[in-house]
Amino acid sequence: MDKARSWSIPKLYVWDAYKRVKANRDAAGVDDQTIEEFERGLANNLYKLWNRMSSGSYFPPPVKRVNIEKRGGGFRPLGIPTVSDRIAQTVVKGYLEPELEKHFHPDSYGYRPGKSALDAVGVARERCWRYAWVLDLDIKSYFDTIPHELLLRAVRKHTDCPWVLLYIERWLKAPVQLEDGTLEPRERGTPQGSVISPLLSNLFLHYTFDRWMARNHPDIPFERFTDDALCHCVSESQAKMLKEALENRFAECGLQLHPEKTKIVYCKDDDRRGNSKNESFDFLGYSFRARRSKNRFGKFFVNFSPGVSNAATKAIREEIRRWQLRCRIDRWIDDLARMFNPVIRGWITYYGRYYKSALYPTLRYLDQCLAYWAMAKYKRLKRHRQRAEHWVSKTASRDPRLFAHWPLLRRAATGR
């Protein structure tokens, strides 16, 4: 390949990448520059970025580390690149992703075009009905422990484009700026929060896990969403054998299965006898366990299926509390509906896909918070909780589509 052509980056790549970054509107990086500030000198900023990337003189700035609280407790470190660095990463991702997509496994669902977490949950649901045992995998500190050398070797299998290889290596080695301003060198891992990380993490597990499973255990189906994976086994002994084999495989690739969070689960239902230490697991915000269901003939039975997890409902309730509805007495109820319906619809769309009734108590909690808002806003309802709850119920009957969750609760109440 001609050297000049191999370094040619079309300006359209940079422009398209900028539009994608603008649509996401992520937080500012170490330079504290927002997308609005970047746009004040848009033409000049994009030209400088394109010129530096095309000449090989672009060096990514440090990644800003932000710790966010995890649902299960503790904190997850996120790496926030600058606006210009997000654009540069999007350029490389746009070039590399179509090639990698040709090779990725169909049961890899994380951050891939045309695939979603709900797809993975749905496939897992069906396979739990067919297979009695699940190996629930959890990779310890996956994003922080990916070996750079092995990851770059995987990238080189799919491209020899010099600027793609150069910038991926530079991003992997870019230091992290901690909250106190100090710089921390990075010898392993790729920061969560960066644009290129999901693609690179999928590529690494494609070789570490997906292809290894297809080659060595083609009879064991699995679903993987980035570093969360489920393997479906016909027996407990098969699950134990697979667990031991995967521990060795991940160790060979510089990774470690979490000793407490990785577990073997029995998918118990009406037709499966006996018991096991673990009879439930969480996957992508859903809790899989035995649940009482009704078949098309109206007969009740117990099957193993997903419903919104306790961790997810706890996070939803915490978000509702952060809205501080009692303090919004300057707003009318229509205003509250407009403000929060997009979020409520998102919860219903995701967590209401399977076993919808598991979400109802949390949605009723939202109505309780609306009742407290009504008590704070209207003098006649002050210190009258039951009267305020009746007021919310009456408002829902009069205008059942005002809040996104009201039609769902109304159908549940009437049994329709």
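In case you missed it, the structure is sitting above this.
Residues numbered from 1 in each chain as written. Predicted model: local features only at pLDDT ≥ 70, side-chain atom pairs only at ≥ 80, totals over all residues. Heavy atoms only, no water.

### Observations regarding the packing of helix α8 (residues 148-156) against helix α10 (residues 197-216)
Running from N to C, α8 and α10 cross one another at 90 degrees; their axes reach a closest spacing of 10 Å. Relative to α10, α8 is oriented roughly perpendicular. Seen from α8, the contacting residues are Leu150, Leu151, Ala154 and Val155; seen from α10, they are Leu200, Leu203, Phe204 and Tyr207. Taken together, the residues of the contact of α8 with α10 sort by class into eight nonpolar, no polar and no charged. (Axes fitted to C-alpha atoms, helices over the stretch in contact; angles between N-to-C directions. Helix = DSSP H or I, 4+ residues; strand = E, 2+ residues; numbered from the N terminus. Parallel < 35°, antiparallel > 145°, perpendicular 65-115°, else oblique. Contact = heavy atoms within 4.5 Å. Nonpolar A, V, L, I, M, F, W, Y, C, P; charged D, E, K, R; others polar.)

### Thoughts on the sheet that holds strand β7 (residues 228-233)
The sheet built from four strands is open, its strands ordered β6-β7-β3-β8 with antiparallel pairing. On the outer flanks of this sheet lie β6 (222-225) and β8 (263-266), each paired with one strand and no other. When the angles between neighbouring strand axes are averaged without regard to direction, this sheet yields 20 degrees. Across four bridges, strand β3 (residues 133-138) lies against β8 in antiparallel orientation. When the bridges of β8 are listed, valine 134 appears paired with valine 265. Contacts between helix α11 (residues 236-252) and the sheet are confined to β3, β7 and β8, with β3 contributing the most and set at about 20 degrees to the helix. (Pairing = 2+ DSSP bridges.)

### Re the pattern of salt bridges
A full pass over the atoms with the stated rule returns 19 salt bridges. Salt bridges here are not isolated pairs; linked through shared partners, they connect Asp107, Arg127 and Glu223. (Salt bridge = Lys/Arg side-chain N within 4 Å of Asp/Glu carboxyl O.)

### Quick notes on empty space enclosed by the protein
Per the stated rule, a full pass over the model turns up one cavity of 30 Å³ or more. As a volume, the largest cavity reaches approximately 60 Å³. Lining the largest cavity are 13 residues, and of these Val63, Gln89, Trp171, Arg186 and Pro191 lie nearest its centre. At the level of secondary structure, the elements contributing two or more residues to the lining of the largest cavity comprise α5 (83-101) and α9 (162-173). Residue composition of the lining of the largest cavity, by class: eight nonpolar, three polar and two charged. (1 Å grid on protein atoms, 1.4 Å probe; cavity = no way out; pocket = protein on both sides within 12 Å on 5 of 7 lines; lining within 4 Å. Points joined across faces, edges and corners; volume = space filled by probe spheres on them.)

### A few points about the nonpolar core
By size, the foremost hydrophobic cluster in this structure holds 64 residues, and its most contacted members are Ile87, Ile168, Phe209, Cys231 and Leu246. When residues in this core are grouped by element, the largest group, nine residues, is from α10. With residues near it in sequence (within four places) discarded, leucine 246 still touches Leu135, Leu137, Phe209, Trp212, Met213, Cys231 and Leu257. Within the second largest apolar cluster, 56 residues are counted, among which are Val121, Phe281, Leu363 and Met375. (Core = buried A, V, L, I, M, F, W, Y, C linked by side-chain atoms within 4.5 Å. Buried < 20%, exposed > 50% of the residue type's maximum accessible area, 1.4 Å probe, protein only.)

### A short note on the packing of aromatic side chains
Applying the stated criterion to the full structure yields 22 aromatic pairs. Aromatic pair tryptophan 373 and tyrosine 378: ring centres 6.1 Å apart, planes at 85 degrees, arrangement edge-to-face. Tyrosine 378 carries the same exposure label as tryptophan 373, and that label is buried. An angle of 55 degrees between the planes, with centres 4.9 Å apart, marks the rings of phenylalanine 403 and tryptophan 406 as tilted. Per residue, the accessibility class of phenylalanine 403 equals that of tryptophan 406, and both read buried. Cluster of aromatic residues (ring-pair linked, three or more members): Tyr286, Tyr350, Tyr351 and Tyr354. Across from the ring centre of tyrosine 378, 6.0 Å away, lies the NZ or CZ of lysine 377, which sits over that ring. (Phe/Tyr/Trp six-rings, centres within 6.5 Å; stacked < 30°, edge-to-face > 60°. Lys NZ or Arg CZ within 6 Å of the ring centre and 35° of its normal.)

Function-wise, these values are silent; they only describe arrangement.
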